[in-house]
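Single-letter residue listing:
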Amino acid sequence: DVGVTIGNDESYEARNVAPTVRGVTVTRYETGIQSRTHGDWVVDDVTVRTVQKDGILHSYTEGGNWTVRDSDIVSTGSDGISAAQSDGEWVVENTVIRRADGIAIDAGSTEGDWTIRNVSVQDSVGISASSSDGNWVIEQSTVQNGVFASDSNGKWEIRQSIVTGDVPIRAEDTLG
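Described in the following lines is the structure provided in the data block. (Residues numbered from 1 in each chain as written. Predicted model: local features only at pLDDT ≥ 70, side-chain atom pairs only at ≥ 80, totals over all residues. Heavy atoms only, no water.)

Notes on the sheet that holds strand β4 (residues 31–35)
Strand pairs in the sheet, formed through backbone hydrogen bonds, run parallel or antiparallel to each other.
Logical step 1: Taken in spatial order, the eight strands line up as β1-β4-β7-β10-β12-β14-β17-β20 in an open sheet, and their pairing is parallel. In the strand order of this sheet, the two ends are held by β1 (2–6) and β20 (169–170), each with one partner. (Pairing = 2+ DSSP bridges. Helix = DSSP H or I, 4+ residues; strand = E, 2+ residues; numbered from the N terminus.)

A look at the environment of Pro-19
Logical step 1: Topologically, Pro-19 is positioned in the loop between α1 (12–15) and β2 (20–22).
Logical step 2: Residue classification places Pro-19 among the buried residues on the basis of a relative accessible area of 9%.
Logical step 3: Between the C-alpha atoms of Pro-19 and Ser-35, which are 16 residues apart in sequence, the distance is 9.6 Å. (Buried < 20%, exposed > 50% of the residue type's maximum accessible area, 1.4 Å probe, protein only.)

Describing the pattern of salt bridges
Logical step 1: If you walk through the whole model with that rule in mind, you get nine salt bridges.
Logical step 2: The partner of Glu-139 in a salt bridge is Arg-117, and the shortest N-O contact between them spans 2.8 Å. Taken together, the residues Glu-139 in strand β15 (residues 136–139) and Arg-117 in strand β13 (residues 114–122) connect sequence positions 22 residues apart.
Logical step 3: A salt bridge links Glu-172 to Arg-170; the shortest N-O distance between them is 4.0 Å.
Logical step 4: Among the charged side chains, a salt-bridge network with shared partners connects Glu-93, Arg-117, Glu-139, Lys-155, Glu-157 and Arg-159. (Salt bridge = Lys/Arg side-chain N within 4 Å of Asp/Glu carboxyl O.)

Description of the pairing of β13
Logical step 1: Pairing geometry for strand β11 (residues 90–100) and β13, over eight bridges, is parallel. Residue pairing for β13: Ile-97 is matched across the bridge by Val-121.
Logical step 2: The sheet contact formed by β13 and β15 spans four bridges and is parallel. Across the sheet, residue Arg-117 finds its bridge partner in β15, namely Glu-139.

Focus: the packing of aromatic side chains
Aromatic ring pairs: the centre-centre distance and the angle between the two ring planes describe each pair.
Logical step 1: Here the structure, examined in full by the defined rule, presents five aromatic pairs.
Logical step 2: Their ring planes at 0° and their centres at 4.8 Å tell us that Trp-136 and Trp-156 sit as a pair that is stacked. Taken together, the residues span a long stretch of sequence, with Trp-136 in strand β15 and Trp-156 in strand β18 (residues 156–159) at a distance of 20 residues.
Logical step 3: Trp-136 sits in the buried class, given a relative accessible area of 0%. (Phe/Tyr/Trp six-rings, centres within 6.5 Å; stacked < 30°, edge-to-face > 60°.)

Here it is in structure tokens:
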């Protein structure tokens, strides 16, 4: 029960599609948007709300760069954006992630670079990027409940941002 699924595990041609999802509201599904492609994705001006699991799901996959902009992800039963153990570059900008029961952005064990710009994380565990290998830039953003980057290897920059929580930034055993 997924609001938007593009690609599948059966067809090679479908795995290389590079979709743009624009101007859509996804409400009351199990998962909001799910990727089954290796292509580049653009999610623009999208609202995902009141889903049972993840708002955007691209975990355990290879390939594909993602841009999520001008969007709202609200009231998810699990992660706002679930990208754990995937590769590809990510840009998340001008986006609000609010009331994710899991993690607002789960990027644990990812390999690509991430740019988080003008993003607001509210009423959720913040950003988890533990054991990630890519470079990270978080700028002009507000992240409630922390940034977790333990055991990460990439270069990190957090600038012009507010990060709050009991432990706002956890970055032990990092190499970047």
